Amino acid sequence: MYYPTRLTFLLLILLLWLWISSSIYAQADSLWQETFTVPGVEHFAVDPLQQLLTVDEDGVVVQYNPQGQALFRYHNTTLGEDFTIDATDPFNILLFYLDQQTIILLDRTLSVRASLDLRNTDILYATAVARSHDNNLWIYDELAGRLYKLSARGDLLFTSNDFRVSENLSVGPSQIVRWGDRIALNFPDRGLALFSVLGQLQEWWPIQQVEDLFFQSNTLYYRQAGSYYRKQILQDLVEVIAWPVGEQPQAFLRQLTRRYLLRPDGVLRVEVQKAVPIDHD
């Protein structure tokens, strides 16, 4: 009679765990249906109206409606291809060109509303920019170690304390993200700093080396070392998001009933959550 060795037993347990995990993921993944795909995407953003903004390798911004129809384009040939997008206001889309220290504001048709060269303001060197709740600009100045609020014309509206002194910070955040009536600053070497709508530091979350993040209601999604995690904020529960082998996205975003998966080959897949049938007795 054959008796399995300890190694064989452990291998069987591992195979069983992989089968269960893949089955759970397959069931969860079956709740999503592809609506359209976009090839040649380097990075992207989505506004509250579920309009998609993609950026290709040449820095061309294309806006798509929720059905996948390309609507408008924007291309700046002088500022370069490296910039971030803040689409929290669909009528005031913000592009931040870090190397040029320049902010471009676009309207809903991707026409330029305004531009601001931060080198002509009190800002010494900005590492992250975002729109504020009152249609102004949050800007973190790494050299000054301060969080500023500026108007779109560059008028100084608020200055924080010097965080080089109070928080021992020497490197600026890589992202500023709005969450409800608060903002989160991502300092990869330190964690997430949560600020009030008035720009007051409230607390630190010790989540380090975050490469990307976004909020959906009371859930934080973030990427560390190439893997995505989901943090249920109220329960303080963190879980890794499982993907099939070879299908982990390069970038991921979820908004309401849609999710956006950017594959390593540059194809962006847009999916909608299927309606769950309700049984009526």
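Cut-offs and rules
Residues numbered from 1 in each chain as written. Predicted model: local features only at pLDDT ≥ 70, side-chain atom pairs only at ≥ 80, totals over all residues. Heavy atoms only, no water. Helix = DSSP H or I, 4+ residues; strand = E, 2+ residues; numbered from the N terminus. Buried < 20%, exposed > 50% of the residue type's maximum accessible area, 1.4 Å probe, protein only. Areas by Shrake-Rupley, 256 points an atom, 1.4 Å probe, with all protein chains shown as cover. Phe/Tyr/Trp six-rings, centres within 6.5 Å; stacked < 30°, edge-to-face > 60°. Lys NZ or Arg CZ within 6 Å of the ring centre and 35° of its normal. Core = buried A, V, L, I, M, F, W, Y, C linked by side-chain atoms within 4.5 Å. Contact = heavy atoms within 4.5 Å. Salt bridge = Lys/Arg side-chain N within 4 Å of Asp/Glu carboxyl O. Pairing = 2+ DSSP bridges. Axes fitted to C-alpha atoms, helices over the stretch in contact; angles between N-to-C directions. Polar contact = N/O pair within 3.5 Å; in protein donor to acceptor, adjacent residues only side chain to side chain.

Can you help me understand the overall build of the protein chain in this one?
When helices and strands are counted, the protein chain shows 2 helices and 24 strands. Within the protein chain, buried positions represent 46% of all 281 residues. On the protein chain, roughly 15,400 Å² of surface is accessible, and the fraction owed to carbon and sulfur atoms is 53%.

Is there a simple way to explain the packing of aromatic side chains in this structure?
Where two aromatic rings form a pair, the distance of their centres and the angle of their planes describe that pair. In this structure the tally under the stated criterion is 17 aromatic pairs. Centre to centre, the rings of Tyr222 and Tyr229 are 5.5 Å apart; their planes meet at 20°, and the pair counts as stacked. Aromatic ring contacts, followed pair by pair, group Tyr140, Phe163, Phe187, Phe195 and Trp204 into a single cluster. Stacked on the ring of Trp204, the Lys or Arg Arg190 has its end atom at 4.3 Å from the ring centre. A cation sits over an aromatic face here: Lys231 above Trp205, 5.7 Å from the ring centre.

What is the right way to look at the nonpolar core in this model?
A general feature of soluble globular proteins is that nonpolar side chains tend to end up buried together. Formed by 22 residues in total, the largest nonpolar core has its most connected members in Val38, Phe44, Leu52, Phe252, Tyr260 and Leu268. For this core, the elements supplying multiple residues, two or more each, are strand S1 (32–38), strand S2 (43–46), strand S4 (61–64), strand S22 (251–255), strand S23 (258–262) and strand S24 (268–273). Each residue touching Leu52, except ones within four places of it in the same chain, is listed here: Phe36, Val38, Phe44, Ala45, Val46, Val62, Gln63, Tyr64, Tyr260, Leu268 and Val270.

Would you mind showing me how to read the pattern of salt bridges here?
Working definition: two side chains of opposite charge can pair if their charged atoms are close together. Applying the stated criterion across every chain yields a total of 13 salt bridges. One salt bridge in this structure joins Glu239 and Arg230, with 3.0 Å as the shortest N-O distance. On the basis of relative accessible area, Glu239 is assigned to the partly exposed category, the value being 33%. Residue Arg263 is joined to Asp265 by a salt bridge in which the shortest nitrogen-to-oxygen separation is 2.7 Å. For Arg263, a relative accessible area of 41% corresponds to the partly exposed category.

Please explain the sheet that holds strand S14 (residues 175–179) as it appears in this structure.
Sheets are built from strands that pair by backbone hydrogen bonding, the pairs being arranged parallel or antiparallel. In spatial order, the strands read S14-S15-S16-S17; together these 4 strands make up an open sheet with antiparallel pairing. The sheet terminates laterally at S14 and strand S17 (201–205), the two strands that pair on one side only. Strand after strand, the sheet turns through a mean of 25° between neighbouring axes, direction not considered. In the sheet, strand S15 (residues 182–187) pairs with strand S16 (residues 191–196) via 6 bridges, with the strands oriented antiparallel. Bridged to Ile183 within S16 is Phe195.

When you look at the side chain of Asp162 in this model, what are you seeing that I'm missing?
Inspection of the secondary structure assignment puts Asp162 in the loop between strand S13 (156–159) and helix H2 (163–166). Using a relative accessible area of 15% as the deciding quantity, one classes Asp162 as buried. A polar contact is formed between the side chain of Asp162 and the side chain of Arg164, at a distance of 2.8 Å. Sequence-distant contacts of Asp162, that is, excluding residues within four places in its chain, are made with Ala144, Gly145 and Arg146.

Can you walk me through the pairing of S22 in this structure?
On a regular strand, one side chain projects to one face of the sheet and the next to the other, so that they alternate. Of all the 5 residues making up S22, 4 are buried; the element is thus mostly covered by neighbouring parts of the structure. Here S22 folds back onto S23 in antiparallel fashion, the turn holding 2 residues, of which Leu256 has a positive phi close to 55°.

Just checking my understanding: could you explain the pairing of S16 for this structure?
Summarising burial for S16: 6 of the 6 residues are buried, a large majority. Between S15 and S16, which follow one another and run antiparallel, lie 3 residues. As judged from the 4 bridges shared by S16 and S17, these two strands associate in the antiparallel manner. Paired with Leu192 across the strands is Trp205, a residue of S17. Hairpin connection of S16 to S17: 4 residues between the antiparallel strands, including Gly199 at a positive phi of 90°.

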